[in-house]
Amino acid sequence: MTDLIETIRRTLVPIHKEGYPFILIGIVLTVVLGYFSQFFGWIFLILTLWVCYFFRDPERVVPVGDGLVVSPADGRVNLISTVLPPPELDLSHEPMLRISVFMNVFDCHVNRVPVSGKIGQIHYTPGLFLNAELDKASEDNERNGLVMETTHRGQPLRIGVVQIAGLVARRIVGFVSAGDSKQVGERFGLIRFGSRVDVYLPVGTRVMVGLGQKAVAGETVLADLGGGPERAFRRI
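What counts as what
Residues numbered from 1 in each chain as written. Predicted model: local features only at pLDDT ≥ 70, side-chain atom pairs only at ≥ 80, totals over all residues. Heavy atoms only, no water. UniProt positions renumbered as here; feature names shortened; annotations may be inferred. Domains from an automatic or database assignment. Contact = heavy atoms within 4.5 Å. Buried area = accessible area lost by both parts, 1.4 Å probe. Helix = DSSP H or I, 4+ residues; strand = E, 2+ residues; numbered from the N terminus. Nonpolar A, V, L, I, M, F, W, Y, C, P; charged D, E, K, R; others polar. Phe/Tyr/Trp six-rings, centres within 6.5 Å; stacked < 30°, edge-to-face > 60°. Buried < 20%, exposed > 50% of the residue type's maximum accessible area, 1.4 Å probe, protein only. Lys NZ or Arg CZ within 6 Å of the ring centre and 35° of its normal.

Under an unreviewed UniProt entry, the protein has the name Phosphatidylserine decarboxylase proenzyme and belongs to Methylorubrum thiocyanatum. Looking at the protein in UniProt, the text filed under Catalytic activity (unreviewed entry) is "a 1,2-diacyl-sn-glycero-3-phospho-L-serine + H(+) = a 1,2-diacyl-sn-glycero-3-phosphoethanolamine + CO2". Database annotation for the protein, UniProt heading Pathway (unreviewed entry): "Phospholipid metabolism; phosphatidylethanolamine biosynthesis; phosphatidylethanolamine from CDP-diacylglycerol: step 2/2."

Caption draft 1: Region of interest: the domain arrangement of the protein. Domain boundaries in the protein define domain 1 (1-55) and domain 2 (68-224). Computed from C-alpha atoms alone, the centre-to-centre distance between domain 1 and domain 2 is 29 Å. Listed as interface residues are 7 residues of domain 1 and, on the opposing side, 13 residues of domain 2. Between domain 1 and domain 2, roughly 930 Å² of surface is buried when both sides are summed, and carbon and sulfur atoms account for 74% of that area. Contact with domain 2 buries area across many residues of domain 1, yet Glu18, Trp50 and Phe54 alone supply 57% of it, more than any other trio. For the side of domain 1 that touches domain 2, the element with the highest residue contribution is helix α3 (residues 38-54), accounting for 3 residues. Split into classes, the residues belonging to the side of domain 1 that touches domain 2 amount to 5 nonpolar, 1 polar and 1 charged.

Caption draft 2: Representation of the packing of aromatic side chains in the model. Under the definition given, this model contains 5 aromatic pairs. Consider the rings of phenylalanine 22 and phenylalanine 55, whose centres lie 5.5 Å apart with planes at 20°: the pair is stacked. With phenylalanine 22 in helix α2 (residues 20-36) and phenylalanine 55 in the loop between α3 and β1 (68-70), this residue pair connects regions lying 33 residues apart in the sequence. On the numbers, 4.9 Å between centres and 80° between planes, the contact of phenylalanine 54 with phenylalanine 55 is edge-to-face. Overall, the relative accessible area of 1% leaves phenylalanine 54 in the buried class. Counting every residue linked through ring pairs, the aromatic cluster contains Phe22, Trp50, Phe54 and Phe55. Over the face of the ring belonging to tyrosine 53 we find arginine 56, whose NZ or CZ atom lies 3.8 Å from the ring centre.

Okay, here's the thing in structure tokens:
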């Protein structure tokens with residue numbers, strides 16, 4: 001019986017409080033519409049269960065090590081490139097390594113800081129709601145960027161993290177303020193219903209993931225600031 005209870009506890013992960021209003025609306029619509037139509041009652045019951053699933057907030061086992069950069073989001077690694085960082089973050093006037101993780105509507109959307117450090121600044125930019133998988137979404141879409149001030153081998157380092165709204169997403173929710181100190185893997189925000197998170201790192205950082213790879217927020221190591229040869233991947 002103890003093993004069964006533990007299995008159920010691990011399966012039924014917590015729901016983030018940001019989802020409560022949407023779940024309540026779903027319950028009300030399910031009851032009201034179900035009273036008049038059994039068909040629509042079932043439809044909205046399924047949608048309400050999906051909303052509960054969408055706003056899940058599971059615990060994560062975070063790898064800790066000097067120079068490790070963990071994924072800020074659940075999803076698929078869809079872009080790895082060297083580009084100029086967003087000018088509003090004042091990170092660098094030179095290109096930086098960008099690793100992008102795209103979240104579809106079935107991924108967990110709670111975002112986590114990729115490195116330990118202090119949040120130097122936060123900058124919200126209104127914009128469009130294009131497909132977040134597109135490269136130009138980093139410039140045209142609604143986004144919320146923050147700068148993590150960290151250290152590596154005793155040297156100060158600034159890393160950019162940008163939440164980008166997508167086709168369905170209409171609100172980026174932040175849980176932190178400038179000046180807050182965070183440990184790697186701690187929660188810093190959430191994007192509602194489909195989106196992307198970009199991480200901007202110094203050129204020379206060793207990429208530890210491949211395009212198309214599934215990333216888990218707070219657990220998957222995206223990169224190693226210590227550098228070294230890139231890892232090779234193949235699709236099977």
